[in-house]
Amino acid sequence: MNAKTSDGKMGVGSIALFSLCAVIAVDTLTASASMGASSIGWWLVTLVVFVIPYGLITSELGTTYPGDGGIYDWVKKAFGYKWAVRTTWFYWINIGLWMPAVYIMFAGMFSELFFPELPLFWQVAICILLTWLTIWICNVSVDVGVWVTNLGAILKITVISVLGFGGFFYAAKHGVANEFSFSSMLPSLDTGVAFLPALVFNLMGFELVATMTKEMKDVRDMPKSIFLAAGVTAFLYVFGTVGILMALPVEEIGLVSGIIATLHKLFGNSVFGNVMIYAIGIMALLTFIGNMVTWTMGASRAAAQAANEGELPKVVAKMSDTHDTPVGANMITGVLSTSVILAYATFSQSSDDLFWSVFSFSSCIFLLPYLFMFPSYLKLRISDPDTTRPFRVPGGMGIQWALCIVCFLTIFQAVILFIFPDIISLTVNWAYSAPILIGVILTIAIGEYLLRLSIDNKRAVKQVRSNYKLAHGH
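Predicted, not measured: the structure shown is a model, and the values here were computed from it. (Residues numbered from 1 in each chain as written. Predicted model: local features only at pLDDT ≥ 70, side-chain atom pairs only at ≥ 80, totals over all residues. Heavy atoms only, no water.)

Q: Please explain the overall build of the chain as it appears in this structure.
A: Check the secondary structure of the chain and you find 17 helices and zero strands. For 474 residues, the compact-globule formula gives about 23 Å, and the C-alpha radius of gyration of the chain, at 22 Å, lands near that figure. Taking all 474 residues of the chain together, 59% fall into the buried category. Look at the contacts in the chain between residues 6 or more apart in sequence, and 82% of them connect residues 24 or more apart. Accessible surface computed for the chain: about 19,200 Å², of which carbon and sulfur atoms make up 67%. On the chain, the mean spot of the 26 positive side-chain charges and the mean spot of the 27 negative ones are 13 Å from each other. (Helix = DSSP H or I, 4+ residues; strand = E, 2+ residues; numbered from the N terminus. Rg over C-alpha atoms; globule rule 2.2 N^0.38 Å. Buried < 20%, exposed > 50% of the residue type's maximum accessible area, 1.4 Å probe, protein only. Contact = heavy atoms within 4.5 Å. Areas by Shrake-Rupley, 256 points an atom, 1.4 Å probe, with all protein chains shown as cover. Lys, Arg positive; Asp, Glu negative; His and termini not counted. Charge placed at Lys NZ, Arg CZ, Asp CG, Glu CD.)

Q: Please explain the state of the cysteines as it appears in this structure.
A: Put plainly, a disulfide is one covalent bond tying together the sulfur atoms of two cysteines. A full pass over the atoms with the stated rule returns zero disulfides. The structure places no disulfide on cysteine 127, whose sulfur is separated from the nearest cysteine sulfur, that of cysteine 138, by 17 Å. Residue cysteine 127 is classed as buried on the basis of its relative accessible area of 2%. Unpaired in this structure, cysteine 364 has its nearest cysteine sulfur neighbour in cysteine 407, at a distance of 19 Å. (Disulfide = S-S within 2.5 Å.)

Q: Got a minute to help me understand the nonpolar core in this structure?
A: Generally speaking, a soluble globular protein has its nonpolar side chains buried in company with each other. Of all hydrophobic cores here, the largest spans 157 residues; its most connected members are Tyr103 and Tyr370. With 20 residues, the top contributor of residues to this core is helix 5 (residues 81-114). Setting aside anything within four residues of it in sequence, one finds tyrosine 370 in contact with Tyr54, Tyr91, Met204, Gly205, Glu207, Trp295, Pro375 and Ile411. (Core = buried A, V, L, I, M, F, W, Y, C linked by side-chain atoms within 4.5 Å.)

Q: Quick question: what am I supposed to make of the confidence of the model for the chain here?
A: Do not read the predicted coordinates in detail wherever pLDDT is low. The predicted model of the chain has a mean per-residue pLDDT of 84, with 92% of residues at 70 or higher. Mean pLDDT across the secondary structure elements of the chain bottoms out at helix 1 (residues 12-23), with 74, and peaks at helix 15 (residues 370-383), with 95. Within the model, the stretch residues 1-7 combines pLDDT values under 50 with 17 contacts to residues more than four positions away or in other chains. (pLDDT = per-residue confidence, 0-100.)

Q: Can you help me understand the packing of aromatic side chains in this one?
A: Aromatic ring pairs are defined here through the distance separating the ring centres and the angle between the ring planes. Scanning all chains against the criterion turns up 30 aromatic pairs. A ring pair is formed by tryptophan 89 and tryptophan 92, whose centres lie 6.3 Å apart and whose planes are at 70°; its orientation type is edge-to-face. You can see tryptophan 89 and its partner tryptophan 92 sitting in helix 5, three residues apart, about one turn around the helix. On the basis of relative accessible area, tryptophan 92 is assigned to the buried category, the value being 4%. Taken together, a centroid distance of 5.9 Å and an interplanar angle of 80° make the contact between tryptophan 98 and tryptophan 295 edge-to-face. (Phe/Tyr/Trp six-rings, centres within 6.5 Å; stacked < 30°, edge-to-face > 60°.)

Q: Can you walk me through the environment of asparagine 150 in this structure?
A: Within the fold, asparagine 150 resides in helix 7 (residues 142-174). Taking the relative accessible area as the measure of exposure, asparagine 150 reaches 8% and is therefore buried. Considered as a pair, asparagine 150 and phenylalanine 267 are 117 residues apart in the sequence and their alpha carbons are 28 Å apart.

Q: Help me out: how do you make sense of unusual backbone geometry in this one?
A: Working note: non-glycine residues mostly have negative phi, and peptide bonds are mostly trans. For aspartate 324, which is not glycine, the phi dihedral falls at a positive 55°. Relative to the helices and strands, aspartate 324 resides in the loop between helix 12 (271-308) and helix 13 (327-347).

Here's what the structure looks like:
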């Protein structure tokens, strides 16, 4: 699988690796395993009902409307710049909110691996250091960023494959840690439904590669790459989840420590076992950096393009003179991530609580743009039927409506469950839900304020142009 073609452009292999690195999240594999054997049924339902329609829709939008803005361009074309500003705001700002969750997981796993009693202060220091390493990589150049994402994809495949194969070997020798009957693998609302939205989250991001169209050899390669990445992603998630469940009883799976605990169970305490634990553990940690580089690269480009149009503050549009990278958007992401790490560290009780609170909050913001993306697809099919579509989702408009409604409702229920995980049992734990809900409302409010500034800015520019024309007799 060649990373790039001879002319330096991304070919099918490189686009697929970029998508794999964007979508596969080793850090939330333990969340799906925490659902027990029923997670396998949920994976399969989600893949058939959601991922296939999502991949088809993304392929049509990405090939029909290529450009650095990706999801921003699609929403803008469908519903105008106001909805595009909201989309870009959520899509970009969630990176600065999600990065702390990923690096809190990194620090917890690093501690578990090397320094089991590492104080919270040093874990926070690791999170901040990694935040700025990520920003530096994204500021240096696209080539370095693409190299990091390709390496990240390969490491993710390796780590999940080891967990999968290791789980099967362990079960063959010691017996299976959890029940794997047909009934236990069926989707169930009784087992770990709080982690159900993590499955949806784990499968998002196939559209991110649409922000890299200038780097592609042929934009028509996108559908092939997306479905290659989707197929590999589906297999790896199910395989990795089963591997963890083969080795660890579900009640022993910790959100932060689960992967390292599984490796200890798989490889034991021999010299070879310890070498494998450290090697695979370090690979898993490196995948976290690859993930954040991929998302920061894509989201910052989309934000910079919006800022360039006067739809986000001017500082967001600042590009590097040397590397042509969105340094303004990247630096703001770094500052936000650092602030969130420090704020949450003040209130955290444990690394699991800290990880899941930050993860749930950032995931809600992350999913909001998709509530605009799927209706945009439908609207463009209706309002812009004459544009050539190199890839077209099969079926009539009835099929398109059905696909969009299913995708929209999948995202909507995930947002609700991230904020109110107990809602299916008709109870609300406000101590957990209130901070996340307040955070989401505040983020939306800031976005609305920026939108108001953008409207005023556009109005002022229009007035200046109008005055100029009047003054010069045009």
